[in-house]
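# Summary of the model geometry
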Amino acid sequence: MVAQAVTPFRTTESLMGMTGVVFAVLGAAVMGAVIATDSDHIGSDNLTFIWLVPLLSLLFLVPALAGAALIPTRSWVGGVLLMGNAALLLVGGASASGVGFPLGLVFLPGVVLMWRAGARAVARQNSEEIALTPRPFLVWTAGSVTPILAFLLLASRWYMTCTAFSDGTEDCDRQSLGAEPLVFGLIAVCAATLALLGLLLANLRIQGASPFAGTLARGAALFPLAGAGLGLVALWMPLSIIGVIVLALIGISFVLFFLPTQSRERA
C-alpha cells in the first residue's frame, strides 16, 4: 500500500501567520524597552521589561507558531490555532489599552495578520491562495511598522511637567514615556523603514501584470511613504495633533493589510 503524498497548501498564508507572530513580538520588544526606560515614573530597576515582555509574548504565541507551521499540510487545524491565538491576543491587547495609554497598538499587526492567515486557511478552496512573491511581504511589513510608529509617537509626548514661577506664570513641557533618545531613535528607525519599503514597492516589478495593473500595484508605495511623512511631521506637533495623526496611521495600516494580492492561479 503506497502512502499518499501531502501536497503543500497555502505556503504564503503560513508565512503570513509567522509574520504576524514576528511583528507581535517585535512590537512587544519596543513596548518593553520604552516602559523599562521610563525611570522617572516607573523606576530604573525595571530593565527586565526589555527582555521579559517580548519573551512572555513569544511564549503566549507558541500556539500561533504551531498553527502557522501546520497550515501547509493541516490547513484547518493550523487556521483554528492561529485564529484562536489571535482572538486571545486581541482581548489581551484591548485590556492593556484600557482608557489610558494604548499599549495594545503594538499587537495590532500580529492580530490582523494571524487572523487573516488563519481565516484563509480555514476557508481553503473558497479563497484563492496568495502567490509567493516579495510584494505581499513588503506590504505587510509596512502595515506592521505603522502601528508601532503610532505607539512611539504617542509615547514621545505622554507626560507633561509644569514649573510655576513667582510671578504667576507657568511653563509646561511635554516629556516622553521612556528615555527620550530611545523613543525618538525608534521613531526615526520606523520612519526610515517605511520610506525604504515605499521605495522598494515603487520599484518592484510585477510578473505577468499589464503596464496599467503594474502601475496600480506600485501605487501601494504611497501608503508607507505617507506614513513616514506623517511620522516626521508629528515630531513637531502637540499631543492633540499627534492623536489625529495616530488615527491616520492606523487607517494606513489597515489599508496595507487588506490591499489586493496576486493569487497563485494568476501568478
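### What to know about the layout of surface pockets
Sizing a probe to match a water molecule and rolling it over the atoms shows the empty space that remains. By volume, the second largest pocket amounts to about 200 Å³. Around the second largest pocket, the lining is made up of eleven residues, and of these Met 31, Ser 57, Leu 89, Gly 92 and Phe 107 lie nearest the centre. Of the residues assigned to the lining of the second largest pocket, the class counts are eight nonpolar, three polar and no charged.

### What about the packing of aromatic side chains?
Summed over the entire model, instances satisfying the criterion amount to two aromatic pairs. Pairing Phe 137 with Trp 140 gives two aromatic rings, centres 5.3 Å apart and planes at 75°, and the pair type is edge-to-face. Taken as a pair, Phe 137 and Trp 140 lie in helix α6 (residues 134-155) at a separation of three residues, close to a single helical turn. Between Phe 254 and Phe 258, the aromatic rings sit 6.3 Å apart at their centres with planes inclined by 5°, giving stacked as the arrangement. On the accessibility criterion, Phe 254 (35% relative accessible area) is partly exposed. Owing to a relative accessible area of 46%, Phe 258 belongs among the partly exposed residues under this scheme.

### Looking at the nonpolar core
Residues Val 34, Met 114, Phe 151, Leu 152 and Leu 153 are the most contacted members of the largest nonpolar core, which totals 63 residues. Counting only elements with at least two residues in this core, the list comes to α1 (11-36), α3 (62-70), α4 (75-97), α5 (108-123), α6, α7 (180-202), α9 (222-234) and α10 (239-257). For this core, the element with the most residues is α6, which contributes 13 residues. Look past the residues within four positions of Leu 153 in its chain and what remains in contact with it is Ile 187, Gly 231, Ala 234, Ile 242, Ile 245 and Leu 249.

### Quick notes on the packing of α6 against α10
Two elements in contact, α6 and α10, have axes separated by 8 Å at closest approach and are oriented at 165°. In terms of their interaxial angle, α6 and α10 are classed as roughly antiparallel. Both α6 and α10 take part in a crossing whose hand is left-handed. In this structure, α6 uses Val 139, Trp 140, Ala 142, Gly 143, Ser 144, Thr 146, Pro 147, Leu 149, Ala 150, Leu 153 and Leu 154 to contact α10, whose residues at the interface are Leu 239, Ile 242, Ile 245, Val 246, Leu 249, Ile 250, Ser 253, Leu 256 and Phe 257.

Cut-off values and rules
Residues numbered from 1 in each chain as written. Predicted model: local features only at pLDDT ≥ 70, side-chain atom pairs only at ≥ 80, totals over all residues. Heavy atoms only, no water. 1 Å grid on protein atoms, 1.4 Å probe; cavity = no way out; pocket = protein on both sides within 12 Å on 5 of 7 lines; lining within 4 Å. Points joined across faces, edges and corners; volume = space filled by probe spheres on them. Nonpolar A, V, L, I, M, F, W, Y, C, P; charged D, E, K, R; others polar. Phe/Tyr/Trp six-rings, centres within 6.5 Å; stacked < 30°, edge-to-face > 60°. Helix = DSSP H or I, 4+ residues; strand = E, 2+ residues; numbered from the N terminus. Buried < 20%, exposed > 50% of the residue type's maximum accessible area, 1.4 Å probe, protein only. Core = buried A, V, L, I, M, F, W, Y, C linked by side-chain atoms within 4.5 Å. Contact = heavy atoms within 4.5 Å. Axes fitted to C-alpha atoms, helices over the stretch in contact; angles between N-to-C directions. Parallel < 35°, antiparallel > 145°, perpendicular 65-115°, else oblique. Left-handed = near helix turned anticlockwise from the far one by under 90°.

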